[in-house]
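What follows is the residue order along each chain.
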Amino acid sequence: MRKPLIGILGSIQIDQGGMFPGYERAYVNNDYIVSVVKAGGIPVVIPVIEDEELIREQIKNVDGVIISGGYDVNPLCYGDEPHEKLGFIYTKRDKFDICAVKVAYELEKPMLGICRGNQILNVAFGGTLYQDMSLIEGAYIKHTQESQPGSIGHSVCIEKGTKLYDIFKGDVVTNSFHHQAIKNVADGFIVGASSKDGVVEAIEKDGEAFVMGIQWHPEMMTAAGDENMVKIFRKLVEESGK
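Here we summarise the structure given alongside this text. (Residues numbered from 1 in each chain as written. Predicted model: local features only at pLDDT ≥ 70, side-chain atom pairs only at ≥ 80, totals over all residues. Heavy atoms only, no water.)

What follows covers the overall build of the protein. Of regular secondary structure, the protein possesses seven helices and 13 strands. On C-alpha atoms alone, the protein measures out to a radius of gyration of 17 Å, which is about the 18 Å that the 2.2 N^0.38 rule sets for 242 residues. In terms of overall dimensions, the protein has C-alpha extents of about 45 × 45 × 35 Å along its principal axes. Residues classed as buried in the protein amount to 52% of the 242 residues present. For the protein, the share of sequence-separated contacts (at least 6 apart) that also reach a separation of at least 24 residues comes to 69%. Surface exposure of the protein reaches about 11,100 Å², of which carbon and sulfur atoms provide 50%. Once the 24 positive and 34 negative side-chain charges of the protein are each reduced to a mean point, those two points are 5 Å apart. (Helix = DSSP H or I, 4+ residues; strand = E, 2+ residues; numbered from the N terminus. Rg over C-alpha atoms; globule rule 2.2 N^0.38 Å. Buried < 20%, exposed > 50% of the residue type's maximum accessible area, 1.4 Å probe, protein only. Contact = heavy atoms within 4.5 Å. Areas by Shrake-Rupley, 256 points an atom, 1.4 Å probe, with all protein chains shown as cover. Lys, Arg positive; Asp, Glu negative; His and termini not counted. Charge placed at Lys NZ, Arg CZ, Asp CG, Glu CD.)

Turning to the environment of Ile-232, a few remarks are in order. Mapping Ile-232 onto the fold places it in helix α7 (residues 230-240). When its relative accessible area of 0% is taken as the criterion, Ile-232 is described as buried. Linking Ile-232 and Phe-168, residues 64 residues apart in sequence, is a C-alpha distance of 8.1 Å.

Under the counting rule described, the total for this entry stands at zero disulfides. Cys-115 carries a free sulfur, and the closest cysteine sulfur to it, the one in Cys-77, is 16 Å from it. No disulfide involves Cys-157; its nearest neighbouring cysteine sulfur is the one of Cys-115, lying 19 Å away. Cys-157 gets classed as partly exposed once you look at its relative accessible area, which sits at 27%. (Disulfide = S-S within 2.5 Å.)

Moving on, we get to the layout of surface pockets. Space inside the largest pocket adds up to approximately 310 Å³. Considering the residues around the largest pocket, the lining is formed by 19 residues, among which Gly-69, Gly-70, Tyr-71, Cys-115 and Arg-116 are closest to the centre. Taken together, the residues of the lining of the largest pocket sort by class into six nonpolar, 11 polar and two charged. (1 Å grid on protein atoms, 1.4 Å probe; cavity = no way out; pocket = protein on both sides within 12 Å on 5 of 7 lines; lining within 4 Å. Points joined across faces, edges and corners; volume = space filled by probe spheres on them. Nonpolar A, V, L, I, M, F, W, Y, C, P; charged D, E, K, R; others polar.)

Closest axis-to-axis distance for the helix α2 (residues 52-60)/helix α3 (residues 91-106) pair is 9 Å, and the angle between their directions is 50°. Classified by the angle their axes make, α2 and α3 are oblique. As for how α2 packs across α3, the hand of that crossing is right-handed. Residues Glu-52, Ile-55, Arg-56, Gln-58 and Ile-59 of α2 touch α3, and the partners they reach there are Phe-96, Cys-99, Ala-100, Val-103, Ala-104 and Glu-106. Considered class by class, the residues forming the contact of α2 with α3 number seven nonpolar, one polar and three charged. (Axes fitted to C-alpha atoms, helices over the stretch in contact; angles between N-to-C directions. Parallel < 35°, antiparallel > 145°, perpendicular 65-115°, else oblique. Left-handed = near helix turned anticlockwise from the far one by under 90°.)

Turning our attention to the pairing of strand β5 (residues 64-67). Taking every second residue as pointing to the same face, both faces of β5 are buried, with Gly-64 and Ile-66 on one and Val-65 and Ile-67 on the other. Both strand β1 (residues 5-9) and β5 contribute to a ladder of four bridges, which runs parallel. By the bridge assignment, Ile-6 is partnered in β5 with Gly-64. Pairing of β5 with strand β6 (residues 111-114) involves three bridges; the strand directions are parallel. (Pairing = 2+ DSSP bridges.)

Within strand β12 (residues 200-205), six of the six residues are buried, which leaves it mostly tucked inside the rest of the structure. Both strand β11 (residues 189-195) and β12 contribute to a ladder of five bridges, which runs antiparallel. Each residue of the ladder has a partner; that of Ser-194, found in β12, is Val-200. Between β11 and β12, which pair antiparallel one after the other, the connecting turn spans four residues, and Gly-198 there sits at a positive phi close to 90°. Relative to strand β13 (residues 211-214), β12 is paired through three bridges, and the arrangement is antiparallel. For Glu-204, the partnering residue across the bridge sits in β13 and is Met-212. What sits between the antiparallel neighbours β12 and β13 is a turn of five residues, in which Gly-207 has the positive phi angle 105°.

Moving on, we get to the pattern of salt bridges. It is possible for side chains of opposite charge to pair when their charged atoms get near one another. Counting across every chain of the model gives 12 salt bridges. Between Lys-60 and Glu-57 there is a salt bridge whose closest N-O contact spans 3.4 Å. Taken together, the residues Lys-60 and Glu-57, both in helix α2 and three residues apart, mark about one turn of the helix. Given the relative accessible area of 36%, Glu-57 is considered partly exposed. Put simply, Asp-97 and Arg-93 hold a salt bridge, and the shortest N to O gap is 3.2 Å. Of this pair, Asp-97 and Arg-93 both sit in helix α3, separated by four residues, roughly a single helical turn. Here Asp-97 and Arg-93 have matching classes, each one buried. A single salt-bridge network, built from bridges that share partners, covers Arg-93, Asp-94, Asp-97 and Arg-116. (Salt bridge = Lys/Arg side-chain N within 4 Å of Asp/Glu carboxyl O.)

Rendered as structure tokens:
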């Protein structure tokens, strides 16, 4: 039996110096690729493009989708104005990701959103974001850790009865590298996990479809040798093989 093809939505890196300042490079962090391989899937990097018909063809040709991390989401995508603490945005990627997510859902492709991918998944279905952690009343945990990528940062409490709980069978300790977070959860989604200060750490589509977003970076932990975090990639590969 053929192993499932897992499409990893890529990003665009803009050179800040060197020989070609401003030069755009298609890329994805290698930890995503390592994680898919460890989970038994075949990783395929899907580059950012603007033609919606070609995006549909990209998604049609994979069995499952990872929505990777990256830049801040443009708040205009969810009807908000930019706050002074908003970071770098790249509207071309916002449009690509949102289109890819909608096509993947229409084609019933399993999806896993990671960090920004969790946020863009929420926005694609009508949810909103906090543009900075400082705007969340009661948030006190350090959500942008200063340590190695695969190191643990804080606890995450997973809701019983969710698909995420079925994967991990309990709460987890995760890394954390984000300054934005989910505000209003999109219709049709439920909160799958939260940090102890109430910040949404995971969402998932209600019902049978495997459409899930998580706020931490399991790919970094998996690549660093964490045998617990690879479970979420194995679940994606399993669902993509059905």
